[in-house]
Amino acid sequence: MLELNLFTDDVRSYLEKRIEQFQKQRSIEGLETQIKAKDGNTVDIRIHTSVLRDDSGNAQTLLTLVEDITETKQAERRLSRQNEIIRFINDLSTSVGSIQNFDKALEQSIEKICKFIGWPVGHVYKRTNNDRFVSSDIWYFEKSQQYDFFVESCNTTKYVPGKGFLGEVIEHGAPTSLKNIGEKEEFIRESSDSKADLKTCFALPIKVGNETTVILEFLSEEVVQPDTFFPGYAGFS
């Protein structure tokens, strides 16, 4: 059973108001709030109250029910984050070639998305005239000094269709993710040191028509499921 400390200021205020309304035989809406469980975790709750009346309609008893709605609220917040990220990506896709400084738009987009999902590294790869992709100088770092070797490795690695993790993205033009990248040969960054403490990689191609123009790459220091943030994108290896 979930053990809750219900004596927070907002809950106490709500119950006091509810009792006052009960005494005046008026109705009041339920309360949704967050409180701390005894294990220290934050819990979303909804407090329901109901008045029991006698045959003459006089209020006799106030019943109070506390409902744990944490899963529902987490799902709502997750959906909100997903919709916001989809908006970022759609705005970026529609702006390709239509604004003066596309590099600036890319830089702002990867920073927004990284901060929004809490991933520490974001990067952009650009298509060259010979259909290869190269590491650009557009990066986002939460802590830049930590990833110097990783940047060097990205800059010296060649990315061609069908070869390695990014090669699959180039060849198929579909979002792809990879977990435990330090253990995967297909990550093909040159040296185990170059992977720093990064664990999960998600690559998202941005297309003009049917052609991939740039690839956005996001990296996390934890093994996580990217479709938590990027709905509908599977391909987890």
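For clarity, every value in this text was computed on a predicted model and none was experimentally measured.

Q: Give me the overall build of the protein chain: which residues, what numbers.
A: In terms of helices and strands, the protein chain carries five helices and eight strands. N-terminal to C-terminal, the α/β element order of the protein chain is α-β-β-β-α-α-β-β-α-α-β-β-β. For the protein chain, the residues scored as buried account for 38% of the 237 residues in total. Excluding contacts between residues fewer than 6 apart, the proportion of contacts in the protein chain whose partners are at least 24 apart in sequence is 54%. Just so you have it, the protein chain exposes about 13700 Å², and 45% of that area is on carbon and sulfur atoms.

Q: Give a description of the pattern of salt bridges that names residues and reports values.
A: This structure, assessed with the given rule, holds five salt bridges. In this structure, Arg-46 and Glu-67 form a salt bridge, with 3.2 Å as the shortest nitrogen-oxygen distance. Remark: Glu-67 occurs in strand E3 (residues 59-68) and Arg-46 occurs in strand E2 (residues 42-53); sequence separation between them is 21 residues. On the accessibility criterion, Glu-67 (31% relative accessible area) is partly exposed. Lys-73 serves as the salt-bridge partner of Glu-76, at 3.4 Å between the closest nitrogen and oxygen. Of this pair, Glu-76 and Lys-73 both sit in helix H2 (residues 70-95), separated by three residues, roughly a single helical turn.

Q: Go over the nonpolar core, please, and point to the residues and values.
A: In terms of nonpolar packing, the biggest core is built from 21 residues, with Phe-150, Phe-187, Ile-215 and Leu-219 touching the most fellow members. Contributions of two or more residues to this core are made by strand E4 (121-127), strand E5 (133-141), helix H4 (148-156), helix H5 (164-172), strand E7 (200-208) and strand E8 (211-220). For this core, the element with the highest residue contribution is H5, accounting for four residues. Judged by nonpolar contacts, the second largest core, of 18 residues, contains Leu-106, Cys-114, Trp-119 and Val-214.

Q: Tell me about the packing of aromatic side chains, residues and numbers included.
A: How two aromatic rings sit relative to each other is given by the distance of their centres and the angle of their planes. Scanning the model with the defined rule gives six aromatic pairs in all. Aromatic pair Trp-139 and Phe-141: ring centres 5.0 Å apart, planes at 15 degrees, arrangement stacked. Measuring from centroid to centroid gives 5.8 Å for Phe-141 and Tyr-147, while their planes differ by 15 degrees, and the two rings are stacked. Three or more aromatic residues joined by ring pairs make a cluster, and in this case those are Trp-139, Phe-141, Tyr-147, Phe-150, Phe-165 and Phe-187.

Q: Can you tell me about the side chain of Thr-157, naming the residues and giving the values?
A: Inspection of the secondary structure puts Thr-157 in the loop between H4 and H5. Residue Thr-157 is classed as buried on the basis of its relative accessible area of 9%. Among the polar contacts made by the side chain of Thr-157, one reaches the main-chain carbonyl oxygen of Ser-153 at a distance of 2.7 Å.

Q: Quick rundown of the sheet that holds E5? Include the residues and the values.
A: Taking strand neighbours across the sheet as the criterion, the five strands line up as E5-E4-E8-E7-E6 in an open arrangement whose pairing is antiparallel. Only two strands of the sheet have a single neighbouring strand rather than two, namely E5 and strand E6 (176-179). Pairwise comparison of adjacent strand axes, ignoring direction, gives a mean angle of 20 degrees for this sheet. As defined by bridge partners, E4 adjoins E5 across six bridges and the pair is classed as antiparallel. Each residue of the ladder has a partner; that of Tyr-125, found in E5, is Ser-135. The strands that helix H3 (residues 102-117) touches are E4, E5 and E8; relative to E5, the one it contacts most, it runs at about 55 degrees.

Analysis parameters
- Here the residue numbers are simple positions, counted from 1 along each chain's written sequence.
- Per-residue local features are limited, in this predicted model, to residues with pLDDT of at least 70; the limit for side-chain atom pairs, both in listing and counting, is 80 or more; totals at the level of whole chains, interfaces and linings are taken over all residues.
- Only heavy atoms go into the side-chain values, all of them from the structure, while hydrogens and water stay out.
- Secondary structure counts use DSSP, requiring at least four H or I residues in a row for a helix and at least two E residues in a row for a strand, with both numbered from the N terminus.
- Only protein chains enter the area calculation, which uses a 1.4 Å probe; residues under 20% of their type maximum are buried, those over 50% are exposed, and those in between are partly exposed.
- Note on definitions: a residue-residue contact is assigned when non-hydrogen atoms from the two residues lie within 4.5 Å.
- Computed with a 1.4 Å probe, the accessible areas rest on the Shrake-Rupley method; for each residue, only the protein chains presented here act as cover.
- By convention in these notes, a salt bridge is any Lys or Arg side-chain nitrogen within 4 Å of a carboxyl oxygen on Asp or Glu.
- Here the nonpolar core consists of buried residues drawn from Ala, Val, Leu, Ile, Met, Phe, Trp, Tyr and Cys, with membership extended through side-chain atoms lying within 4.5 Å.
- Pairing of aromatic rings covers Phe, Tyr and Trp, the last through its six-membered ring, and needs centres within 6.5 Å; plane angles under 30 degrees mean stacked, over 60 mean edge-to-face, and all others mean tilted.
- Pairing of N or O atoms within 3.5 Å defines a polar contact, subject to two protein rules: one partner must be a possible hydrogen donor and the other a possible acceptor, and residues neighboring in sequence count only if both atoms are side-chain atoms.
- Strands are treated as partners if at least two bridges between them are detected by DSSP.
- The axes are straight lines fitted to the C-alpha atoms, using for helices just the contacting stretch, and the angles between their N-to-C directions are given from 0 to 180°.

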